[in-house]
Amino acid sequence: LIGAGLLVRSFDRLVSTEIGFDATNLLTARVSLPASSYPDPMKVRGFYDQLIPRVKSLPGVLAVTANVFAPFAGPGAATSFEIVGKPAPVGQAPVTDVRVVAADYFTTLRIPVREGRDFAPEEYAQRRDVVIINEALARKHFPGRNPIGEKLVINMREEAAPSTIVGVVGDIRHQKLDTPAREMVYWPQSELPIPSLTLLIRTAQGPMQ
């Protein structure tokens, strides 16, 4: 009886955990493009620029976006980064999770923008060296100050070009319900076109219909 009671309490605590986004009627679908047919970033971006509007036009679909790693679909990608003007000691570079997202990501998942703004349409269409961070990263690395306009060098591209922070969004649980939200940076797809993305489709009713 004691064991059953503890199990029920643990389950109830997990179910009531705030995950930071709205998972109601949200369907995911993984898409992987063959490198032989989509050898360069422009073709990759062109494919998704056509696919997402076509899915959005389906009856009952309210919104569509995409992410390299959907929430709770695996650990995702992480890398070291540098705050421009605030170099870390050798061997102590901070680490953050990285997500590459398509247009309407934050509105589709209903993740609130806390500071600054969402990515602009032109920033999804063409690389502008911009980035959005989550509250966990802002709290740790910019305590007591507004990070909008600060620059980060995210070590995931061949060249070390800095990205300007344009927004801060709410934290979401991305891996497990029982662990705190991790530090996160978001790039628009134009910054790092990747051939494999997960569509996130919000529907008016149950998505399996």
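Caption draft 1: Highlighting the overall build of the protein chain. Within the protein chain one finds five helices and 10 strands. The C-alpha radius of gyration of the protein chain comes to 18 Å, within 12% of the 17 Å expected for a compact globule of 209 residues. Over its C-alpha atoms, taken along the principal directions, the protein chain stretches across nearly 60 × 45 × 30 Å. Here the protein chain, with 209 residues, has 41% of them falling under the buried criterion. Restricting to contacts in the protein chain with at least 6 residues of sequence separation, those with at least 24 account for 76%. Of the accessible surface of the protein chain, which amounts to about 11,200 Å², a share of 57% is contributed by carbon and sulfur atoms. Considering the protein chain, the positive charge centre built from 23 side chains and the negative charge centre built from 21 side chains are found 3 Å apart.

Caption draft 2: View of the nonpolar core. Ranked by size, the top nonpolar core spans 30 residues in total, and within it Ile133, Leu152, Ile154 and Val185 carry the most contacts. Per-element tally for this core: the top contributor is helix H2 (residues 41-56), with four residues. Judged by nonpolar contacts, the second largest core, of 19 residues, contains Leu26, Val130, Ile172 and Tyr186.

Caption draft 3: Representation of the pattern of salt bridges within the structure. In total, this model carries 14 salt bridges according to the counting rule given. Arg139 is paired through a salt bridge with Asp171; the nearest N and O atoms lie 2.9 Å apart. Within this pair, whereas Arg139 is found in helix H5 (residues 135-141), its partner Asp171 is found in the loop between strand E8 (163-169) and strand E9 (184-188), the two being separated by 32 residues in sequence. Residue classification places Arg139 among the exposed residues on the basis of a relative accessible area of 53%. Between Glu191 and Arg157 there is a salt bridge, and its shortest N-O distance comes to 2.8 Å. A residue pair is termed long-range when its members are at least 10 positions apart, and Glu191 in the loop between E9 and strand E10 (196-203) and Arg157 in the loop between strand E7 (151-154) and E8 qualify at 34 residues. What makes Glu191 buried here is its relative accessible area of 3%. Accessibility expressed as a relative area gives 13% for Arg157, which makes it buried. The network of salt bridges with common partners includes Arg127, Asp129, Arg157, Glu159 and Glu191.

Caption draft 4: Region of interest: the pairing of E10. Summarising burial for E10: eight of the eight residues are buried, a large majority. Side chains Ser196, Thr198, Leu200 and Arg202 project from E10 onto one buried face, and the interleaved Leu197, Leu199, Ile201 and Thr203 project onto a second face that is buried too. Alignment of strand E1 (residues 26-32) against E10, held across seven bridges, turns out to be antiparallel. Note that in E10 the partner of Ser32 across the bridge is Ser196. With six bridges connecting them, strand E2 (residues 61-67) and E10 associate as antiparallel partners. Residue pairing in the sheet places Ala63 in a bridge with Arg202 of E10.

Rules and cut-offs
- Numbers given to residues run from 1 along each chain, matching the order in which its sequence is written.
- Totals for whole chains, interfaces and linings use all residues, but because this is a predicted model, local features are given only for residues with pLDDT of at least 70 and pairs of side-chain atoms are given and counted only at 80 or more.
- Excluded from the side-chain calculations are hydrogens and water; all other atoms, namely the structure's heavy atoms, are used.
- For the purposes of this entry, the term helix denotes a DSSP run of H or I that reaches at least four residues, the term strand denotes a run of E that reaches at least two, and both are numbered from the N terminus.
- C-alpha atoms define the radius of gyration in this analysis, and the globule rule sets the expected value at 2.2 Å times the number of residues to the power 0.38.
- Whether a residue is buried, partly exposed or exposed follows from its accessible area with a 1.4 Å probe, protein chains only, as a fraction of its type maximum: under 20%, in between, or over 50%, in that order.
- It only takes one pair of heavy atoms within 4.5 Å for two residues to be counted as in contact.
- Calculation of accessible area relied on Shrake-Rupley with a 1.4 Å probe; when residues are assessed, cover is drawn exclusively from the protein chains displayed.
- A residue counts as positive if it is Lys or Arg and as negative if it is Asp or Glu; His and the chain ends are not included.
- Charged groups are reduced to one reference atom each: NZ for lysine, CZ for arginine, CG for aspartic acid, CD for glutamic acid.
- Working definition of a nonpolar core: buried Ala, Val, Leu, Ile, Met, Phe, Trp, Tyr and Cys residues. They are joined through side-chain atoms within 4.5 Å.
- Each reported salt bridge corresponds to a side-chain nitrogen of Lys or Arg within 4 Å of a carboxyl oxygen of Asp or Glu.
- Strand pairing requires that DSSP identify at least two bridges connecting the strands.

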